[in-house]
Amino acid sequence: MGFKKHIPNTITCCNLLSGCVSCVMAMQGDFVMALTFIVLGAVFDFFDGMTARLLKVSSPLGVQLDSLADDVTFGFAPSFMVFMFMRGLAIPEAVADYVPYVAFLIAAFSALRLAKFNIDKRQTTTFIGLPTPANALFWASLVVGFGDFIGSLPYGWALMVAMVLLSCYLLIAEIPMFSLKIKYLAWRANKIRYSFLLVSAPMLLLGFGAAVPIISLYVAISVIKSMVKKR
């Protein structure tokens, strides 16, 4: 038991280390590798909780460590990618030194999102607000897959600022968003999840930019479902 209890936390630390390496890759201008390490961190993030449940060694320490690791890999790492990317955009000289720092709002609001998740009892089977891993994958995929296109736009920097502000809102918005965790295989209980996965599968052909339409679709479905439920 003494050894087993450290396995989930070790996996969580691998998530955190992946986020750190992602930042180094972004600093070197290698956005593809930065995205790769965020994806790797997401894999570790998926397995640490699963391992803790399978080994029955869940602990308050693990919960706090998981949030700290997540804010590095899914908060700071993507915000640093966006910061480095925006530094290369054509921004008006008067504000060029300041605008890229808007990117770090992603890290701040990701931390707030994670803190809310830890104390919100409503988020056991669904999410309230955009999950940080989804947000991180969106931004990393956007920079790698659509960076050249955004850079070619006359006001690409303004579009990036607007999207940063929107994503920060979505992180803490009181919008229920469905989880992809499947407890029962029946179609009726999982029709939204199955439909989302079926529609998303062909989008993987987009390669590095795949997460952008996939996460956008996820948000759109969640918002529509929430609006229908309220009516």
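These numbers were taken from a predicted model, which means no experiment stands behind them. (Residues numbered from 1 in each chain as written. Predicted model: local features only at pLDDT ≥ 70, side-chain atom pairs only at ≥ 80, totals over all residues. Heavy atoms only, no water.)

Asker: Please clarify how the overall build of the protein chain should be interpreted in this entry.
Answerer: Helix and strand counts for the protein chain come out as eight helices and two strands. Sequence-ordered secondary structure for the protein chain, helices as α and strands as β, is α-α-α-α-β-α-α-β-α-α. Relative to its length of 231 residues, the protein chain is compact, with a C-alpha radius of gyration of 18 Å against a globular reference of 17 Å. Principal-axis analysis of the C-alpha atoms places the extent of the protein chain at approximately 55 × 45 × 35 Å. Relative to its 231 residues, the protein chain shows a buried fraction of 44%. (Helix = DSSP H or I, 4+ residues; strand = E, 2+ residues; numbered from the N terminus. Rg over C-alpha atoms; globule rule 2.2 N^0.38 Å. Buried < 20%, exposed > 50% of the residue type's maximum accessible area, 1.4 Å probe, protein only.)

Asker: How do you make sense of a nonpolar patch on the surface when you look at a structure like this?
Answerer: Taken together, the side chains of Val39, Leu40, Val43, Phe46 and Phe47 present a nonpolar region at the surface, about 420 Å² in accessible area. With respect to the secondary-structure elements, Val43 resides in helix α2 (residues 31-55). (Patch = residues over 30% accessible without salt bridge, like charges linked within 9 Å, V, L, I, M, F, W, Y side chains within 5 Å. Areas by Shrake-Rupley, 256 points an atom, 1.4 Å probe, with all protein chains shown as cover. Salt bridge = Lys/Arg side-chain N within 4 Å of Asp/Glu carboxyl O.)

Asker: How should I be thinking about the environment of Lys181 in this particular structure?
Answerer: Here Lys181 is to be found in the loop between β2 (176-177) and α7 (187-200). Residue class for Lys181 comes out exposed when judged on its relative accessible area of 56%. The spatial distance from the C-alpha of Lys181 to the C-alpha of Ile11 is 20 Å, given a sequence separation of 170 residues. When sequence neighbours within four positions are dropped, the list of residues in contact with Lys181 reads Arg53 and Arg193. (Contact = heavy atoms within 4.5 Å.)

Asker: Sorry, what's going on with the confidence of the model for the protein chain here?
Answerer: Close inspection of predicted coordinates is inappropriate for parts of the model with low pLDDT. Averaged over every residue, the pLDDT of the protein chain is 90; the share at 70 or more is 96%. Put simply, α7 is where the protein chain has its lowest mean pLDDT, 83, and helix α6 (residues 156-172) is where it has its highest, 97. (pLDDT = per-residue confidence, 0-100.)

Asker: For this particular structure, what's the right way to read the packing of aromatic side chains?
Answerer: Given two aromatic rings, one states the distance between the centres and the angle between the planes to describe the pair. Tallying each qualifying case throughout the model produces 12 aromatic pairs. Ring pairs connect the aromatic residues Phe76, Phe80, Phe83, Tyr101 and Phe104, which therefore count as one cluster. (Phe/Tyr/Trp six-rings, centres within 6.5 Å; stacked < 30°, edge-to-face > 60°.)

Asker: For this particular structure, what's the right way to read the side chain of Thr73?
Answerer: One can find Thr73 in helix α3 (residues 60-86). Residue Thr73 is classed as buried on the basis of its relative accessible area, which comes to 0%. At 3.4 Å, the side chain of Thr73 forms a polar contact with the backbone nitrogen of Gly19. Every residue in contact with Thr73, bar those within four places of it in the chain, is listed here: Asn15, Leu16, Gly19, Ile38, Gly41, Pro78 and Ala136. (Polar contact = N/O pair within 3.5 Å; in protein donor to acceptor, adjacent residues only side chain to side chain.)

Asker: What should I look at first to understand the packing of helix α4 (residues 105-119) against helix α5 (residues 132-152) in this one?
Answerer: Two elements in contact, α4 and α5, have axes whose closest approach is 10 Å; the angle formed by their N-to-C orientations is 160°. As judged from the angle between their axes, α4 and α5 are roughly antiparallel. The chirality of how α4 crosses α5 is right-handed. Along its contact with α4, which presents Ile106, Ser110, Arg113 and Leu114, the element α5 presents Thr132, Asn135 and Trp139. Split by residue class, the contact of α4 with α5 holds three nonpolar, three polar and one charged. (Axes fitted to C-alpha atoms, helices over the stretch in contact; angles between N-to-C directions. Parallel < 35°, antiparallel > 145°, perpendicular 65-115°, else oblique. Left-handed = near helix turned anticlockwise from the far one by under 90°. Nonpolar A, V, L, I, M, F, W, Y, C, P; charged D, E, K, R; others polar.)

Asker: Whenever I open this one, the packing of α3 against α6 confuses me. Can you help?
Answerer: Helix packing for two helices is described by the angle between their axes and how far apart those axes are. Across the interface, α3 lies against α6 with an axial gap of 11 Å and an inter-helix angle of 165°. Looking at the two axes, α3 sits roughly antiparallel to α6. Note on packing geometry: the crossing formed by α3 with α6 is left-handed. Contacts from Val82, Phe85 and Met86 in α3 reach Trp157, Met160, Val161 and Val164 in α6.

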